[in-house]
Amino acid sequence: GEWLRVNPRLAELLGCTAEELVGGRLDDVVHPDDRAAVAAVLRGERDGCSRRQRCVRRDGSVFWGHLSVS
């Protein structure tokens, strides 16, 4: 359930570096109200997902993006 590789653009959008995200979890950046939508991937019940998703930046602000997890 940890980040192995991170797209540098995602890190920029989240207000941090890719190195800071590696080892973290998807739950750290997915908006709390939307975590159930990606929970099956985190539990290993699905191979991945691709969807529009609210994410939370390091400063607490929220943005919409397209999340692709595999």
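Residues numbered from 1 in each chain as written. Predicted model: local features only at pLDDT ≥ 70, side-chain atom pairs only at ≥ 80, totals over all residues. Heavy atoms only, no water.

### Notes on the overall build of the protein
1) Next: Each helix and strand counted, the protein has 3 helices and 2 strands in total.
2) Next: N-terminal to C-terminal, the α/β element order of the protein is α-α-α-β-β.
3) Next: By the compact-globule yardstick of 11 Å for 70 residues, the protein fits well, its C-alpha radius of gyration being 11 Å.
4) Next: Seen along its three principal axes, the alpha-carbon backbone of the protein occupies a region of about 30 × 25 × 15 Å.
5) Next: For the protein, with 70 residues in total, the buried portion stands at 36%.
6) Next: Pairs at least 24 residues apart make up 29% of the contacts formed inside the protein by residues separated by at least 6 positions.
7) Next: Only carbon and sulfur atoms are counted for the fraction: they give 46% of the accessible area of the protein, which is about 4,700 Å². (Helix = DSSP H or I, 4+ residues; strand = E, 2+ residues; numbered from the N terminus. Rg over C-alpha atoms; globule rule 2.2 N^0.38 Å. Buried < 20%, exposed > 50% of the residue type's maximum accessible area, 1.4 Å probe, protein only. Contact = heavy atoms within 4.5 Å. Areas by Shrake-Rupley, 256 points an atom, 1.4 Å probe, with all protein chains shown as cover.)

### Re the pattern of salt bridges
1) Next: Enumeration over the complete set of coordinates arrives at 3 salt bridges.
2) Next: Note that Glu20 and Arg58 form a salt bridge whose closest N and O atoms lie 3.2 Å from each other. In this pair, Glu20 sits in helix H2 (residues 18-21) while Arg58 sits in the loop between strand E1 (49-56) and strand E2 (62-69), placing the two residues 38 residues apart along the sequence. (Salt bridge = Lys/Arg side-chain N within 4 Å of Asp/Glu carboxyl O.)

### Some words on the side chain of Asp34
1) Next: One can find Asp34 in the loop between H2 and helix H3 (35-42).
2) Next: There is a polar contact of 3.2 Å between the side chain of Asp34 and the side chain of Gln53.
3) Next: Ignoring any residue separated from it by four or fewer positions in sequence, one finds Asp34 in contact with Gln53 and Arg54. (Polar contact = N/O pair within 3.5 Å; in protein donor to acceptor, adjacent residues only side chain to side chain.)

### Observations concerning the environment of Asp34
1) Next: Overall, the relative accessible area of 11% leaves Asp34 in the buried class.
2) Next: Considering only alpha carbons, one finds Asp34 and Arg54, 20 residues apart in sequence, at a separation of 7.1 Å.

### What about the nonpolar core?
Side chains of nonpolar character tend, in soluble globular proteins, to be buried together.
1) Next: Core analysis: the biggest nonpolar cluster contains 17 residues, and Leu14, Leu21 and Leu26 have the highest contact counts within it.
2) Next: When residues of this core are traced back to their parent elements, those giving at least two are helix H1 (8-14), H2, H3, E1 and E2.
3) Next: A per-element tally of this core places E2 first, with 3 residues. (Core = buried A, V, L, I, M, F, W, Y, C linked by side-chain atoms within 4.5 Å.)

Geometry only, nothing functional implied.
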